[in-house]
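The chain contents come next:
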Amino acid sequence: MKSAWIILSALVAGMLLGIGIEMASPDTGTASLPFVEPIGTLWLNALKMTIVPLVVALLVTGITATADAARAGKLAARAVATFIGANLIVGVMTLLVLPLLLRLFPLSAAAANGLRHGLGGSVEGTASPSFADFLLSLIPTNPIAAAADTAILPLIVFTAIFAFAITRISSPNRAILSGLFSALGEAMLVVIGWVLALAPIGVFALGYALAVKAGVSAFGGLLHYVLMLSAIGAATILLGLLLAVLVVGIPLPRFLRAMVPTFAVALSTQSSLASLPAMLRATEELGVDPKKADVVLPLAVALFRFTSPAMNLAVVVYVAWLFGVELTPWEMAVGLAVALAAALSSVSLPGSISFVTSIAPIAIAMGVPVAPLGLLVAVETFPDIFRTIGNVIADVAATKFAADGVAGDSTGEAP
């Protein structure tokens, strides 16, 4: 939380300085850009260099951990299936709702032009591929080349196949490979930690450049982005409550009463992990067998990111809309698939880290500029509140659903 507020403060300070200099002397502001903007770009490039190795490492460890959990018994297998199904539903919701919201509440032309000019980046995609080209691109002929070219979708396909193959080999060899990729992921997280320690400097430089280019309209543009993302967060929470009532069968007043302590912890910490003890008490109040809750709820905290597909896709769809990138149904389907994989691979990552590692692969796969993420991460503090609330709602509801669907011993053989 402290780090997030420091980054946000750096963004505001950089933008205020840029606006002040631009208003006092436009020529000075323009002349300063070649000296200040490269600092932000350098920081952004350092962040982007970690994406491919981290995504590969986390996807392998995420899939192997999920497969191991599913093998643990019927309860764990039902829980994992519940997580995947819920993530699919909420991802589709964003692809339907956000374009509608952007049509109903568009950004003014001046603010849009200023924000687009200030955020920079370029449309990294090419002409929309045909269906045949799309199918052929799924399987990389050379996964090393795919990684070098940042071809995220074929790289994810290869990595997923490789990870599932790891789950079928002997236990000693599986442990060796899983340990290798786990260690790689931990090492990359250390590198990202170093890069994020410099985030106030990089974000200050990017915010300054944004303000010099876009002026006061940059604030309006960022506010519009935060409101749109928060609206998707609110819709995700409502969808989670709806699923709890209609699918799980929990009366809404009873569910909300049980969740009040959890909401208090989630709002104060913005951490699902910190909310785990309160969630365990909530499941007990909802009549979940404590033995089953002890299996499913920690699994949900570790693997289930209910709001991630929705809000990560929302970031990419918003940037695509801002830059005039027309997303075809196939590109949306690709984005949804990568968002589901990214949600699985963002196991227990801090918000500022998961923002980049989860969203950048989606943007690259959909041909949407990645550069704006360096600034948008600074305003993630506000939407992150919706992420945490939505996640704890879904964690408790999924635990109740999984536990009610499996009778008897929760550690029986998986079907």
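J.: I'd love a proper account of the overall build of the protein, names of residues and values included.
T.: Secondary structure assignment for the protein yields 19 helices and 0 strands. Buried residues in the protein amount to 52% of all 415 residues. In the protein, once contacts between residues fewer than 6 apart in sequence are set aside, the share between residues at least 24 apart is 85%. Surface exposure of the protein reaches about 17,500 Å², of which carbon and sulfur atoms provide 71%.

J.: So what's going on with the side chain of N312? Which residues, and what values?
T.: For N312, the position within the fold is in helix α15 (residues 307–322). Beyond its immediate chain neighbours, meaning those up to four positions away, N312 contacts T307, S358, I359, I362 and R387.

J.: Give me the lowdown on a nonpolar patch on the surface, citing residues and values where you can.
T.: The grouping of L242, V245, L246, V247, L252 and L256 at the surface amounts to a nonpolar patch, some 490 Å² of accessible area in total. Of all the secondary-structure elements, those providing two or more residues to the nonpolar patch are α11 (217–246) and α12 (252–269).

J.: Residue-level account of the pattern of salt bridges, with values.
T.: With the rule as written, the count across this model stands at 1 salt bridge. For the salt bridge of K400 with D404, the shortest nitrogen-to-oxygen distance reads 3.4 Å. Taken together, the residues K400 and D404, both in helix α19 (residues 383–404) and 4 residues apart, mark about one turn of the helix.

J.: Account for the packing of α11 against α15, with residues named and values stated.
T.: The contact between α11 and α15 brings their axes to 10 Å, and the two run at 150°. Comparing the axis directions of α11 and α15 gives the class roughly antiparallel. Judged by the sense of rotation from one axis to the other, the crossing of α11 with α15 is right-handed. Contacts from G221, H224, Y225, M228, L229, I232, G233 and T236 in α11 reach T307, A310, M311, A314, V315, Y318 and W321 in α15. Grouping the constituent residues of the contact of α11 with α15 by class yields 10 nonpolar, 5 polar and no charged.

J.: Go over the nonpolar core, please, and point to the residues and values.
T.: Among the nonpolar cores identified, the biggest contains 103 residues, and L11, W43, Y225 and F355 are the most heavily contacted of them. By residue number, the principal contributor to this core is helix α4 (residues 74–104), which donates 12 residues. What L11 contacts, discounting residues up to four positions off in sequence, is V203, G207, L222, L375, A378 and V379. Residues A244, L276, M279 and V396 belong to the second largest nonpolar core, which totals 21 residues.

J.: Describe the packing of aromatic side chains, and please don't skip the residues or the numbers.
T.: Tallied over the entire structure, the rule returns 6 aromatic pairs. Taken together, a centroid distance of 4.7 Å and an interplanar angle of 15° make the contact between F83 and F304 stacked. Of the two residues, F83 is situated in helix α4 and F304 in the loop between α14 (290–303) and α15; the sequence distance between them amounts to 221 residues. Aromatic pair F158 and F162: ring centres 6.2 Å apart, planes at 15°, arrangement stacked. With F158 and F162 both in helix α8 (residues 152–166) and 4 residues apart, the pair spans about one turn of that helix. Looking at F162, the relative accessible area reads 30%, which means it is partly exposed.

J.: Can you explain the side chain of T388? Please cite residues and give values.
T.: Take T388: it is sitting in helix α19. With a relative accessible area of 5%, T388 lands in the buried category. Every residue in contact with T388, bar those within four places of it in the chain, is listed here: A266, Q270, S271 and S272.

J.: Now, about the environment of I192: what can you tell me, with residues and values included?
T.: In this fold, I192 is placed in helix α9 (residues 171–197). Accessibility expressed as a relative area gives 2% for I192, which makes it buried.

J.: Can you tell me about the environment of A57, naming the residues and giving the values?
T.: Its location among the elements puts A57 in helix α3 (residues 51–71). Note: C-alpha distance between A57 and S178 (121 residues apart in sequence) is 9.1 Å. The residues touching A57, leaving out its near neighbours within four places in the chain, are F181, L184 and G185.

J.: Can you tell me about the packing of α4 against α15, naming the residues and giving the values?
T.: Taken N-terminus to C-terminus, the directions of α4 and α15 make an angle of 30°; their axes are 8 Å apart at the nearest point. In this view, α4 runs roughly parallel relative to α15, as classed from their interaxial angle. Both α4 and α15 take part in a crossing whose hand is right-handed. The residues of α15 that touch α4, namely those facing N87, V90, G91, M93, T94, L95, L98 and L102, are P309, A310, M311, L313, A314, V317, Y318 and W321. The class makeup of the residues in the contact of α4 with α15 is 13 nonpolar, 3 polar and no charged.

J.: Account for α14, with residues named and values stated.
T.: Side chains that are three or four residues apart share a direction in an α-helix, a result of its 3.6 residues per turn. If you check α14, its first and last C-alpha atoms are 20 Å apart, about what 14 residues at 1.5 Å a residue would give, namely 20 Å. By the burial criterion, the buried members of α14 are K292, A293, V296, L297, L299, A300, V301 and L303. Between a side-chain oxygen at the N-terminus of α14 and the backbone nitrogen of K291 the separation is 3.0 Å; the capping residue is D289.

Scoring rules and cut-offs
Residues numbered from 1 in each chain as written. Predicted model: local features only at pLDDT ≥ 70, side-chain atom pairs only at ≥ 80, totals over all residues. Heavy atoms only, no water. Helix = DSSP H or I, 4+ residues; strand = E, 2+ residues; numbered from the N terminus. Buried < 20%, exposed > 50% of the residue type's maximum accessible area, 1.4 Å probe, protein only. Contact = heavy atoms within 4.5 Å. Areas by Shrake-Rupley, 256 points an atom, 1.4 Å probe, with all protein chains shown as cover. Patch = residues over 30% accessible without salt bridge, like charges linked within 9 Å, V, L, I, M, F, W, Y side chains within 5 Å. Salt bridge = Lys/Arg side-chain N within 4 Å of Asp/Glu carboxyl O. Axes fitted to C-alpha atoms, helices over the stretch in contact; angles between N-to-C directions. Parallel < 35°, antiparallel > 145°, perpendicular 65-115°, else oblique. Left-handed = near helix turned anticlockwise from the far one by under 90°. Nonpolar A, V, L, I, M, F, W, Y, C, P; charged D, E, K, R; others polar. Core = buried A, V, L, I, M, F, W, Y, C linked by side-chain atoms within 4.5 Å. Phe/Tyr/Trp six-rings, centres within 6.5 Å; stacked < 30°, edge-to-face > 60°. Expected span 1.5 Å × (residues − 1). Polar contact = N/O pair within 3.5 Å; in protein donor to acceptor, adjacent residues only side chain to side chain.

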